[in-house]
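Geometric and topological summary
Residue-level listing of the chains:
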Amino acid sequence: MLTRSEVKKHSNRKSCWVIINNTVYDITDFVDSHPGGSGILLKYAGRDATEAFKPLHRADTLEKYLTADQNLGHVLIEDHDTSKNIESTSPTITSKKVKLSSTISIADFEYAASQNLPLSSFAFLKTGAEDEYAVNWNRNSWKVIRLRPRVLRPIDRIDISHTIFGNKFSAPFFICPAGGAKVANPGGDVCLTKAAGKHDILHWVCNNAGFNVEEMANARVPEQTTYWQIYAMADLAITEREVKHAISLGYKGFALTVDAIWAGKRERDVRAGLSETEVDGNDEEEDEDDDFSKGPSVKRPPVYPHFNWSAAVKWLQGLTDLPIAIKGIQCWEDAALCMHYGVHPWLSNHGGRQLDGAPSAADTLVSIRKNCPEVFDRCEVIVDGGITRGSDIVKAIAFGARAVGLGRGFLFSLVFGERGVSKAIRMLKHEIETTMALLGVSSLDQLNPSYVDASSLDYAFARAHL
Ligand SMILES: Cc1cc2nc3c(=O)[nH]c(=O)nc-3n(C[C@H](O)[C@H](O)[C@H](O)COP(=O)(O)O)c2cc1C
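Going by an unreviewed UniProt entry, the protein chain carries the name Oxidoreductase and comes from Talaromyces pinophilus. Quoted straight from UniProt, the Cofactor (unreviewed entry) entry for the protein chain says "FMN".

What follows is the structure, encoded as C-alpha cells:
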C-alpha cells in the first residue's frame, strides 16, 4: 500500500502518479496522449483526482487506457488523512446558490447553472464554436418568427400529445442526446431518462452518455419509449454491435449524427480548461503550445470519415428496420436527400457547437417549406437548437416540424437532478398550452404555416451580424 505522501512525490511530467477511487495510477507514459490534453493531468499530478475524474469519464475508462502494471495498488488511509484532505474540484454543485424554487423559465435554469456549477463545467455545457454566432442565432431566430393568432375560436381544453415515429408521447418536445450530462449532475443521463419517463416525453439517448446502454435502458419506467443516437465510430463493427444491442434493449428509433465529423473549435470550453491548468512558467514550451486546438472536455472516439449518403443509409438500414433520423441537416437540399433515401431529416447544427456561421434549424425549416415542401409529407422533420420557450416549439410545429428537441435547456435544469428536469418539462408544457390557447388552436394538428410569419428572418440575421 502506498501513502498519499509517497504519491505526492510523483507530481511532475517525468513521474506522474494520481489517485482515483483510492487506487494509485502511474500515468507518466499516458500524460501526452490524454485526449483532454496533458495540462489537466499535470494539475492533479501527485494528488487525488477522483472528484475531477468521475463526472467526465465512464467507470471503465481506466481499464481502457491504462495497462495493469500502471495500477500501483491502493492508497493507505492514514490517520491524519481524512477525506477533508482530498483536494476536490468537483464539477457538481459545490455551494448551491440558486434554488430550484426560484426558477420559472428555461433561462432561469441557465442562470442557475452558471451560478451553481464550477466555471469549467458551465463552460462545457454552454460553449458554442468560435464566436458563438451560431449559438446566439439559434436562439434568436425563433424569437424573430412571429405568431399570427386567430381570435374568437372556442377553446375548452388543449391537447399537446403527439406522435413521433409512430409512438405517442405527452408532448412534441424531447430531450436531445448530449454527452457529458454528468458534468451538470452525477445522476446525468439516468436522471434525464427518469424525468422523461415520469412525464411521458421522449429521451433521445446519447451513445456517448456517462452510463452504458443497459444502465440507460434500466432507468426507464415500464412502457417508456426511448430512442438511441449514434456516431458511426471509426471501427464500424463497434457501432454495429452497439446498434444491435440497443435494438435488443427495446430502443425504438435511431439517429445518426453527421455534423461532427471534426471537433468544433469551442473556445469558451478551451479557455475555461486553460484557466484551470497550472502554468509552469516554462517559456521554452510556449512555441509548441497548441492548446488553442484542443477538443471538447468530454471526449468521444473518432468517427468513421468515409461515408457518403448512399453508403451511410444503406449501412444503417441494413442493421435495423426501425425509423432512422439523420441528425445535423443544415440545408433543404440535404433534407431532400433524406426524403430520397427514406430517412428523416433532423435539422440541427449541434447546438452551434460545430460550425460557427451555420444556419439555425429555424432557417432550414423555413427554407424547406419554401423550396421542397414535400419533405414534410414524406418525412418526419425533427428540429433542435436554441429552443427556450414553449412558443418556440409551437412555431416549429406550425412550420411542419414533427418533434422539437432541447439540449442545453434540459442540461441546465439537470443541475437540480431529476426534479429540475421534471420542472423544466412541466414549464415547457405549460408554455405550449398557453401559446396554443392564445393562438386559437386546441390541438397540435391544427397548427399550420398560416400561424407563423418568418418574413423578418433574413433581415434580423443581417442586423444581428452587422
Ligand atoms: C453538452 C452537449 C453535449 C452534446 N453531445 C451530443 C452528442 O453526444 N451527440 C449528438 O448528436 N449531439 C450532441 N449535442 C447536441 C444536441 O443533441 C443538440 O443538437 C443541441 O444541444 C441542441 O441545441 P440546444 O442546446 O441549443 O438546445 C450536445 C449538445 C450539448 C450542449
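Additional details are given in the paragraphs that follow.
Looking at the overall build of the protein chain
Helix and strand counts for the protein chain come out as 19 helices and 17 strands. Across the 466 residues of the protein chain, 55% fall into the buried class. Partitioning the intrachain contacts of the protein chain with sequence separation of at least 6 by distance along the chain shows that 76% fall at a separation of at least 24.

A short note on the packing of helix α8 (residues 188-199) against helix α18 (residues 417-439)
Two elements in contact, α8 and α18, have axes whose closest approach is 8 Å; the angle formed by their N-to-C orientations is 45 degrees. Put simply, α8 runs oblique to α18. The two elements α8 and α18 cross, and the hand of that crossing is right-handed. Residue-level contacts link Cys191, Leu192, Lys194, Ala195, Ala196, Lys198 and His199 of α8 to Gly417, Glu418, Val421, Ser422, Ile425, Arg426 and Lys429 of α18. Grouping the amino acids of the contact of α8 with α18 by side-chain chemistry returns 6 nonpolar, 3 polar and 5 charged.

Points about helix α12 (residues 309-317)
Along α12, the residues classified as buried are Ala312, Val313, Trp315 and Leu316. Buried residues in α12, looked at end-on, bunch into an arc of 160 degrees, giving them a common side. Contact partners of the buried residues in α12: β11 (226-230), α10 (236-248), β12 (254-257), β13 (324-329) and α13 (332-341).

Quick look at the packing of aromatic side chains
The full count for this structure, using the stated rule, is 15 aromatic pairs. Between tryptophan 204 and tyrosine 227, the ring centres sit 5.0 Å apart and the planes meet at 80 degrees, which makes this aromatic pair edge-to-face. Highlighted residues: tryptophan 204 in strand β10 (residues 202-206) and tyrosine 227 in strand β11, separated in sequence by 23 residues. There is no split in this pair, since tryptophan 204 and tyrosine 227 are both buried.

Focus on the nonpolar core
If you look at the biggest cluster of nonpolar residues, it comprises 102 residues, and the most contacted ones within it are Trp142, Phe173, Leu365, Val383, Ile393, Phe410 and Leu447. With 8 residues, the single largest contributor to this core is α18. Residues within four places of leucine 365 in sequence aside, it is in contact with Trp142, Leu347, Phe376, Val381, Val383, Ala396, Phe399 and Ala401. The next biggest cluster of nonpolar side chains, apart from the first, holds 15 residues, and it includes Ile27, Val31, Ala45 and Phe53.

Focus on the sheet that holds strand β14 (residues 344-347)
Spatial strand order, β9-β10-β11-β12-β13-β14-β15-β16: 8 strands in a closed barrel with parallel pairing. Recorded for the sheet is a direction-independent mean angle of 30 degrees between the axes of neighbouring strands. In this structure, β10 lies alongside β11, joined through 4 bridges in parallel fashion. Pairing of valine 205 across the sheet is with tryptophan 228, part of β11. Lying over the sheet, α8 contacts β9 (173-175), β10 and β11, oriented at roughly 160 degrees with respect to β10.

Side note on the site of the ligand
Not every one of the 22 residues close to the ligand is listed here, only the nearest: Pro177, Thr257, Asp384, Gly386 and Gly407. With respect to the ligand, the side chain of serine 348 contributes an N or O atom lying 3.3 Å from an oxygen atom. Between the ligand and the protein, one listed contact pairs an oxygen atom with a backbone N or O atom of arginine 408 at 2.9 Å. Relative to its unbound accessible surface of 600 Å², the ligand loses 96% to contact with the protein. Elements with a minimum of two residues in the shell around the ligand: α6 (119-126) and α17 (408-413). Broken down by class, the residue content of the shell around the ligand amounts to 9 nonpolar, 9 polar and 4 charged.

Focus: α13
Turning to α13, its buried residues are Ala335, Ala336, Cys338 and Met339. Looking down the long axis of α13, one finds its buried residues gathered within 150 degrees of arc, a one-sided arrangement. Looking at the buried residues of α13, the elements they touch are α12, β13, β14, α14 (361-371) and α15 (374-378). Directly beyond the C-terminal end of α13, a positive phi value near 75 degrees is found at glycine 342.

A few points about the pattern of salt bridges
One pass over the full model with this rule turns up 9 salt bridges. Aspartate 392 is the salt-bridge partner of lysine 143, the closest N and O atoms lying 2.8 Å from each other. Of the two residues, lysine 143 sits in helix α7 (residues 133-144) while aspartate 392 sits in helix α16 (residues 390-399), which places them 249 residues apart along the sequence. Across the pair aspartate 453 and arginine 146 runs a salt bridge whose closest N-O atoms are separated by 3.4 Å. Highlighted residues: aspartate 453 in strand β17 (residues 452-453) and arginine 146 in strand β6 (residues 146-147), separated in sequence by 307 residues.

Considering the side chain of asparagine 138
Structurally, asparagine 138 is set in helix α7. Reaching out from asparagine 138, the side chain makes a polar contact with the side chain of asparagine 349 at a distance of 2.9 Å.

Regarding the packing of α12 against α13
Packed helices, taken two at a time, are described by their axes: the angle between them and the distance between them. For the pair α12 and α13, interaxial distance at closest approach is 11 Å and the crossing angle is 45 degrees. The angle between α12 and α13 falls in the class oblique. Crossing geometry of α12 relative to α13 is assigned as right-handed. Residues Trp309, Ser310, Val313 and Gln317 of α12 form the contact with α13, whose participating residues are Asp334, Leu337, Cys338 and Tyr341.

How each quantity is defined
- Residues numbered from 1 in each chain as written.
- Predicted model: local features only at pLDDT ≥ 70, side-chain atom pairs only at ≥ 80, totals over all residues.
- Heavy atoms only, no water.
- UniProt positions renumbered as here; feature names shortened; annotations may be inferred.
- Helix = DSSP H or I, 4+ residues; strand = E, 2+ residues; numbered from the N terminus.
- Buried < 20%, exposed > 50% of the residue type's maximum accessible area, 1.4 Å probe, protein only.
- Contact = heavy atoms within 4.5 Å.
- Axes fitted to C-alpha atoms, helices over the stretch in contact; angles between N-to-C directions.
- Parallel < 35°, antiparallel > 145°, perpendicular 65-115°, else oblique.
- Left-handed = near helix turned anticlockwise from the far one by under 90°.
- Nonpolar A, V, L, I, M, F, W, Y, C, P; charged D, E, K, R; others polar.
- Arc of directions from axis to C-beta.
- Phe/Tyr/Trp six-rings, centres within 6.5 Å; stacked < 30°, edge-to-face > 60°.
- Core = buried A, V, L, I, M, F, W, Y, C linked by side-chain atoms within 4.5 Å.
- Pairing = 2+ DSSP bridges.
- Near = heavy atom within 4 Å.
- Polar contact = N/O pair within 3.5 Å; in protein donor to acceptor, adjacent residues only side chain to side chain.
- Areas by Shrake-Rupley, 256 points an atom, 1.4 Å probe, with all protein chains shown as cover.
- Salt bridge = Lys/Arg side-chain N within 4 Å of Asp/Glu carboxyl O.

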